[in-house]
Amino acid sequence: MREFFGFGGYQREAEGYMSWQHLLFVSTLMAIMIGLSVWLGLRNRNKDEKTKNKILVISAIAIDAFELLKIVVCCWRSRDMSSILHLLPLFLCSIQLITIPLAAFSKGRIKAAALDFVFIFGILGAVLGTYGAGQNYNAYPVLSMDNVVSGITHSISGFASLYIVVSGMASMKKENIWITFSILLGFCVVAYVVNVVIDYNYMFLMRGDGTPYDIFFNLVNGNKVLYPLIVVVLFLLYITAFYAIYFWIQKRAKKSQK
């Protein structure tokens, strides 16, 4: 247990990013994530909203509980409470720690917008936080608290995203698009300010850190203005493309039903 949680430092060497251990572990998580989301989504698709929402409530509690466990262990491990500054929910994937509970426990337009946000970014976060997490799998053993908990929380995000669409909970209303943009831009602004103050890399706005963002970081030679702007623009383009593809699919589906 001491070795799993990393007390005293990990004695095992990290297997490395894209090692067979890394790929096997995250692929197993993805298979479980997809299987459960499709099964539960189809099972609840024709049930009332309260029944559908119970799965999101469990997801919200689970993702925050696992993240809280990681924060407590990391602070205890370092014996330094200031380390919590590097564990704030300000990564793209971390936004789900807030938006999944919002989707589960809020009502009305806020709930609809939160559901759409989780739907849009949940799968992206799940893939980037597992297959794309080079900074984690190069630093820690695959079967360690850091990677296992990270894999679980990212998988919960992906699960919630798929469950929302399969169960028919996504609204994807055009009038809520501005809320989706606002949520993301708000987090980006806060993350950037915190990065400057504590010299960190939330939302990967300062550097790529072994993730696919390194492509753009290297493209502009790490320019401190251009690089974060490119990252934010990529987020916004992703949202726009997601909505466009969704509406196109919906339009095609309606035509085929006529």
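Described in the following lines is the structure provided in the data block. (Residues numbered from 1 in each chain as written. Predicted model: local features only at pLDDT ≥ 70, side-chain atom pairs only at ≥ 80, totals over all residues. Heavy atoms only, no water.)

On the secondary structure map, Asn201 appears in the loop between helix 8 (177-198) and helix 9 (214-219). Among the polar contacts made by the side chain of Asn201, one reaches the main-chain amide nitrogen of Leu205 at a distance of 3.4 Å. A distance of 2.8 Å separates a polar side-chain atom of Asn201 from the backbone oxygen of Arg207. What Asn201 contacts, discounting residues up to four positions off in sequence, is Phe91, Asn195, Met206, Arg207 and Asp209. (Helix = DSSP H or I, 4+ residues; strand = E, 2+ residues; numbered from the N terminus. Polar contact = N/O pair within 3.5 Å; in protein donor to acceptor, adjacent residues only side chain to side chain. Contact = heavy atoms within 4.5 Å.)

Turning to its location among the elements, Ser157 is positioned in helix 7 (residues 145-166). What Ser157 contacts, discounting residues up to four positions off in sequence, is Ile63, Cys93, Gln96, Ile100, Val118 and Gly122.

This next bit is on the pattern of salt bridges. One pass over the structure, following the stated rule, counts four salt bridges. The salt bridge partner of Glu67 is Lys70, with a shortest N-O separation of 3.5 Å. With Glu67 and Lys70 both in helix 3 (residues 49-78), this residue pair falls three residues apart, about one helical turn. Under the relative-accessibility criterion, Glu67 is labelled buried at 11%. Note that Arg77 is salt-bridged to Asp146, the shortest N-O span being 3.0 Å. A residue pair is termed long-range when its members are at least 10 positions apart, and Arg77 in helix 3 and Asp146 in helix 7 qualify at 69 residues. (Salt bridge = Lys/Arg side-chain N within 4 Å of Asp/Glu carboxyl O. Buried < 20%, exposed > 50% of the residue type's maximum accessible area, 1.4 Å probe, protein only.)

For the rest of this paragraph, the subject is a nonpolar patch on the surface. A surface patch of nonpolar side chains, amounting to about 310 Å² of accessible area, comprises Ile32, Leu36 and Trp39. Positionally, Ile32 belongs in helix 2 (residues 20-44). Given a relative accessible area of 47%, Ile32 falls into the partly exposed group. (Patch = residues over 30% accessible without salt bridge, like charges linked within 9 Å, V, L, I, M, F, W, Y side chains within 5 Å. Areas by Shrake-Rupley, 256 points an atom, 1.4 Å probe, with all protein chains shown as cover.)

So, on to a positive patch on the surface. Judged by side-chain charge, Lys174, Lys251, Arg252, Lys254 and Lys255 come together as a positively charged surface patch. Tracing the backbone through its elements, the reader meets Lys255 in helix 10 (residues 226-257). Classification of Lys255 as exposed rests on a relative accessible area of 54%. (Lys, Arg positive; Asp, Glu negative; His and termini not counted. Charge placed at Lys NZ, Arg CZ, Asp CG, Glu CD.)

This part is about the packing of helix 5 (residues 108-128) against helix 7. Look at helix 5 against helix 7: their axes get within 7 Å of each other, and the N-to-C directions meet at 135 degrees. The angle between helix 5 and helix 7 places the two elements in the oblique class. For the crossing formed where helix 5 meets helix 7, the hand is left-handed. From helix 5, Leu115, Val118, Phe119, Gly122, Ile123, Gly125 and Ala126 reach across to helix 7, where they touch His154, Ser157, Gly158, Ala160, Ser161, Leu162, Ile164 and Val165. Class assignment for the residues of the contact of helix 5 with helix 7 results in nine nonpolar, six polar and no charged. (Axes fitted to C-alpha atoms, helices over the stretch in contact; angles between N-to-C directions. Parallel < 35°, antiparallel > 145°, perpendicular 65-115°, else oblique. Left-handed = near helix turned anticlockwise from the far one by under 90°. Nonpolar A, V, L, I, M, F, W, Y, C, P; charged D, E, K, R; others polar.)

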